[in-house]
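# Summary of structural features
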Amino acid sequence: MKLVLGPMEGVLDALMRQMLTEINGYDLCVTEFVRVVDALLPPRVYHRMSPELAAGGKTASGTPVRIQLLGQSPQYMAENAAQVIELGSAGVDINFGCPSKMVNGSNGGAALLKNPELMYQVVKAVRDAVPDDAVVSAKVRLGFDDCSPYREIVDAVQSAGANEIVVHGRSKADAYKPGTVRWDLIGDIADRLTIPVTANGDIWGQDDAIRCQEVTGCNTLMVCRGALNIPNLGAHIKMGQAPMTWHEVLILLVRYSEFEIRGDKGLYYANRVKQWFRYLKDQYPEAHPVFMELRQYNDKFKVLSIIVDALNKLEKKPVLVGVC
């Protein structure tokens, strides 16, 4: 089984990718999307989104990182895709799955699911613009209002020349509602297409991964939200490692904080930690009271002090945090 660490806007940044690939057996990471409108973006945009470009397009632990683009212009998507490959990305991924109202309102992400012909044009333009040996992948949902057009959607992606497709087993209208994921339809897609299909959606643990693989027949799975619920989800799924204890999670959070709180990134630190805690508290009951306290504050040092206090209660000696 192969595991891909998928993108989550505002959470799974380069630092998070570095930390999670160090403790998990992920085979690939996909970045948060870069929005392409009507211009060739400067290289600094991509280096900011994926600092791994400076290290051969891999995390410090050697996991390849693929940059994801979001847009509806075949011309500009193609130009930016060519640049992404030149900069050293491990392929290019096209986002046809983001359900955000803001993104969809400007005809991006899942909005393109309503127009498979335009999806075809975008994928084909990207495929034609990059070298033959560069991987072009696309992430899709099963439809916009419902799942009925899923075959037309995936056929458009394959016929346009994509090497791989990632399928989130829901429509855009389903968002992330529990009980709506359709692994069975992903299985039909895997039988239908000749390119590799990666299954995505509601993979929270090893049992889910095994069932998803059995239902879909897919050898590769993508995890996103689950990777935040259980920070060692990859090792849990691939190697049967027990989920991290709350004590271990707090140590990881402090380590994360030591890097994330510095410089300009510190401006977003409080919001990122709160977002991570929203997922952690689903898996760890101990996270709930900590979250209820830190959610009241936006000061980064106050938020960090609450996390350190929680760890100190479990440690035999006070934790010293190196931040500036």
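Let me begin by describing the structure that accompanies this report. (Residues numbered from 1 in each chain as written. Predicted model: local features only at pLDDT ≥ 70, side-chain atom pairs only at ≥ 80, totals over all residues. Heavy atoms only, no water.)

Before going further, it helps to spend a moment on the overall build of the chain. For the chain, the helix and strand inventory stands at 14 helices and eight strands. Here the chain has a C-alpha radius of gyration of 20 Å; the compact-globule value for 324 residues is 20 Å, and the two agree. When burial is assessed residue by residue, the chain has 55% of its 324 residues classed as buried. Sequence-distant contacts in the chain: of pairs separated by 6 or more residues, those separated by 24 or more amount to 68%. When the 35 basic and 37 acidic side-chain charges of the chain are each reduced to a single mean position, those positions are 5 Å apart. (Helix = DSSP H or I, 4+ residues; strand = E, 2+ residues; numbered from the N terminus. Rg over C-alpha atoms; globule rule 2.2 N^0.38 Å. Buried < 20%, exposed > 50% of the residue type's maximum accessible area, 1.4 Å probe, protein only. Contact = heavy atoms within 4.5 Å. Lys, Arg positive; Asp, Glu negative; His and termini not counted. Charge placed at Lys NZ, Arg CZ, Asp CG, Glu CD.)

Counting residues in hydrophobic clusters, the biggest one holds 106 residues, and the most contacted among them are Leu69, Phe96, Val140, Phe277 and Ile307. When near neighbours in sequence (up to four residues on either side) are disregarded, Ile307 contacts Leu250, Leu253, Val254, Ser257, Tyr269, Val273, Phe277 and Leu294. (Core = buried A, V, L, I, M, F, W, Y, C linked by side-chain atoms within 4.5 Å.)

Before going further, it helps to examine the packing of aromatic side chains. Enumeration over the complete set of coordinates arrives at three aromatic pairs. Centroid distance Trp246 to Phe277: 6.2 Å. Interplanar angle 80°. Geometry classified as edge-to-face. Residue Trp246 is found in helix H11 (residues 246–260), and its partner Phe277 is found in helix H12 (residues 266–283); the two are separated by 31 residues along the sequence. Residues Trp246 and Phe277 agree in their burial class; the two are buried. With centroids separated by 5.7 Å and ring planes inclined at 40°, the aromatic side chains of Trp246 and Tyr284 adopt a geometry described as tilted. Here Tyr284 lies in the loop between H12 and helix H13 (287–294) and Trp246 lies in helix H11, a separation of 38 residues in the sequence. In this structure Tyr284 comes out as buried when scored by relative accessible area, which is 5%. By way of ring pairs, the aromatic residues Trp246, Phe277 and Tyr284 are connected into one cluster. Sitting over the ring of Phe144, Lys114 keeps its end group 4.4 Å from the ring centre. (Phe/Tyr/Trp six-rings, centres within 6.5 Å; stacked < 30°, edge-to-face > 60°. Lys NZ or Arg CZ within 6 Å of the ring centre and 35° of its normal.)

Bringing the state of the cysteines into the picture now. One pass over the full model with this rule turns up zero disulfides. In this structure Cys147 is not part of a disulfide, and its nearest cysteine sulfur, from Cys212, lies 15 Å away. The buried category is assigned to Cys147, whose relative accessible area is 15%. No disulfide involves Cys212; its nearest neighbouring cysteine sulfur is the one of Cys218, lying 6.6 Å away. The buried category is assigned to Cys212, whose relative accessible area is 0%. (Disulfide = S-S within 2.5 Å.)

Judged by pairing direction, the barrel is parallel, and its eight strands sit side by side in the order E1-E2-E3-E4-E5-E6-E7-E8 before closing back on the first. Going from strand to strand, the sheet's axes swing by 25° on average, the running direction of each strand aside. With five bridges connecting them, strand E2 (residues 28–35) and strand E3 (residues 65–70) associate as parallel partners. Looking at the pairing, Phe33 lines up with Gln68 of E3. (Pairing = 2+ DSSP bridges. Axes fitted to C-alpha atoms, helices over the stretch in contact; angles between N-to-C directions.)

Another point: the layout of surface pockets. Of the voids in this model, the largest pocket is the one considered here, and its volume is about 650 Å³. Top contributing element to the lining of the largest pocket by residue count: E2, with four residues. Residue classes in the lining of the largest pocket are distributed as 11 nonpolar, four polar and 10 charged. The space that makes up the second largest pocket amounts to roughly 540 Å³. Among the elements of the structure, E2, strand E5 (136–141), strand E8 (220–223), helix H9 (225–229) and H12 are those that each provide at least two residues to the lining of the second largest pocket. (1 Å grid on protein atoms, 1.4 Å probe; cavity = no way out; pocket = protein on both sides within 12 Å on 5 of 7 lines; lining within 4 Å. Points joined across faces, edges and corners; volume = space filled by probe spheres on them. Nonpolar A, V, L, I, M, F, W, Y, C, P; charged D, E, K, R; others polar.)

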